[in-house]
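Observations on chain architecture
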Amino acid sequence: GVSTVGLSCDLGGRVMVSIMMLNKRFELLELVMKELDRAYAKHGAKPWSRHEFYAILKEEVDELWDAIKADEPMERVVSELVQVAAMCARYYETT
C-alpha cells in the first residue's frame, strides 16, 4: 500500500494507522484528560453557553496561534494544542 507519515492504505482503500501513530493518539488523549481534570478543578464544570464556548475556544486558539507565530518550542505548541482540545472536550461533556 501507499504510506505517508505512519499511515498506509490497503488495496481496499482502508486507512491503517501505525503503532507509532496510535501511541501518539493515546499520549494526546492522556494529555487532554489531564488538562480537563486541571480545568475542572480550577473552574468547575458549569455548562457554557455556545457563545461562552466560542469565546473560550477563540482565546485558546489565539494562544496556540501566538505560539506558532513566535516559533515557540514544540512543547509549548503542544501544550496550547492540548488546551484547545480539552476545551472542546469540556464543552462536549457538559452539554
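Residues numbered from 1 in each chain as written. Predicted model: local features only at pLDDT ≥ 70, side-chain atom pairs only at ≥ 80, totals over all residues. Heavy atoms only, no water.

Okay, the overall build of the protein chain next. From N to C terminus, the protein chain includes three helices and three strands. Across the protein chain, helices and strands are ordered from the amino to the carboxyl terminus as β-β-β-α-α-α. Per-residue burial for the protein chain yields a buried fraction of 21% across its 95 residues. Excluding contacts between residues fewer than 6 apart, the proportion of contacts in the protein chain whose partners are at least 24 apart in sequence is 51%. Just so you have it, the protein chain exposes about 7200 Å², and 64% of that area is on carbon and sulfur atoms. (Helix = DSSP H or I, 4+ residues; strand = E, 2+ residues; numbered from the N terminus. Buried < 20%, exposed > 50% of the residue type's maximum accessible area, 1.4 Å probe, protein only. Contact = heavy atoms within 4.5 Å. Areas by Shrake-Rupley, 256 points an atom, 1.4 Å probe, with all protein chains shown as cover.)

Detailed conclusions should not be drawn from predicted coordinates in areas where pLDDT is low. Per-residue pLDDT for the protein chain averages 90, and the proportion of residues at 70 or more is 85%. Per-element confidence in the protein chain is highest for helix α2 (residues 50-69), whose mean pLDDT is 98, and lowest for strand β1 (residues 3-4), whose mean pLDDT is 48. (pLDDT = per-residue confidence, 0-100.)

For the pair helix α1 (residues 19-43) and helix α3 (residues 74-94), the least separation of the axes is 8 Å and the interaxial angle reads 65 degrees. Relative to α3, the element α1 is oriented roughly perpendicular. Here α1 runs over α3; the crossing is right-handed. Listed contacts from α3 to Leu28, Leu31, Val32, Glu35, Leu36, Ala39 and Tyr40 of α1 are Val78, Leu81, Val82, Gln83, Ala85, Ala86, Met87, Ala89, Arg90, Glu93 and Thr94. Of the residues that constitute the contact of α1 with α3, the class distribution is 13 nonpolar, two polar and three charged. (Axes fitted to C-alpha atoms, helices over the stretch in contact; angles between N-to-C directions. Parallel < 35°, antiparallel > 145°, perpendicular 65-115°, else oblique. Left-handed = near helix turned anticlockwise from the far one by under 90°. Nonpolar A, V, L, I, M, F, W, Y, C, P; charged D, E, K, R; others polar.)

Across its 25 residues, α1 extends 36 Å between first and last C-alpha, which sits within 8% of the 36 Å expected from 1.5 Å per residue. Listed as buried for α1 are Val32, Glu35, Leu36 and Ala39. Contact partners of the buried residues in α1: α3. One or two positions beyond α1, positive phi appears at Gly44, with a value near 80 degrees. (Expected span 1.5 Å × (residues − 1).)

Positive phi is not limited to glycine here, since Asp71 has a value of about 55 degrees. Of note, Asp71 is situated in the loop between α2 and α3.

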